[in-house]
Amino acid sequence: MGTKSTHPGFHPISRCDGIFQEQIHDTYQTKVKFPEPTVCPQCSAVFHKGRWQWLGAPANAHQHNCPACQRILENQPAGFVTLAGEFLVAHRDEIVSLIHNVEKKEKAEHPLKRIMATEEEGNGIGNRYRYSPCSWYW
Ligand SMILES: [Zn+2]
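Notes on the structure follow.

## Focus on the sheet that holds strand 5 (residues 81–84)
Sheet strands pair by backbone hydrogen bonding; their relative direction is either parallel or antiparallel. Reading across from one edge, 5-7-6 is the order of the three strands in this open sheet, with antiparallel pairing throughout. Each of the sheet's edge strands pairs with one partner strand only, and the pair in question is strand 5 and strand 6 (115–121). When the angles between neighbouring strand axes are averaged without regard to direction, this sheet yields 15 degrees. Strand direction decides the pairing type here: strand 6 and strand 7 (residues 128–133), joined by six bridges, are antiparallel. Bridge pairing in strand 7 links Ala117 to Ser132. Contacts from helix 2 (residues 86–109) reach strand 5, strand 6 and strand 7 within the one sheet, and its direction differs from that of strand 7 by about 15 degrees.

## Structural notes on unusual backbone geometry
For the peptide bond that leads from Glu36 to Pro37, omega is -5 degrees, which places it in the cis range. Despite not being glycine, Ser44 has its phi angle at roughly 70 degrees, a positive value. Mapped onto the fold, Ser44 is located in the loop between strand 1 (38–39) and strand 2 (46–48). The class of Ser44 is partly exposed, set by 15 C-beta atoms lying within 10 Å.

## Focus on the sheet that holds strand 3 (residues 51–53)
Read across the sheet, four strands follow the order 3-2-1-4 without closing on themselves; strand pairing throughout is mixed. Edge positions in the sheet fall to strand 3 and strand 4 (62–63), since each has one partner strand and no second. Bridge count between strand 1 and strand 2: two bridges; the pairing is antiparallel. Each bridged residue has a counterpart across the sheet, and for Val39 the counterpart in strand 2 is Val46.

What counts as what
Residues numbered from 1 in each chain as written. Predicted model: local features only at pLDDT ≥ 70, side-chain atom pairs only at ≥ 80, totals over all residues. Pairing = 2+ DSSP bridges. Helix = DSSP H or I, 4+ residues; strand = E, 2+ residues; numbered from the N terminus. Axes fitted to C-alpha atoms, helices over the stretch in contact; angles between N-to-C directions. Contact = placed C-beta atoms within 7 Å. Buried ≥ 20, exposed ≤ 12 C-beta atoms within 10 Å, placed from the backbone.

Spatial relationships are all this shows, so hold off on functional conclusions.
Here it is, written out as structure tokens:
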């Protein structure tokens, strides 16, 4: 004889304590598909098969700024990443080199993944380094 009983009408509710993926709302990632092929007159990226790529631009391509160039023209970075602290001071050149190497690798395959600008503040040894990406989708 079991000791477990349920009341009529009882429905267990499952708990979902998992971590939710935060949604990123990026107005520069348009839901509208560009006509294909479309070439960006600023950087020559081509919208082909639903995404921006580094391809040779066909002669009859439509022209429209890619989201990264539009952000640059409007000076609207996707955000800012600020680095600071003793570790940055001690390893500034390595860290900056790593950031630019990652950008170079990502940008080679994904035209929208690039750094818009970098800036440094401090007493000449880089106390604070900030860069602003064109996209959060890295
Ligand atoms: Zn572009």
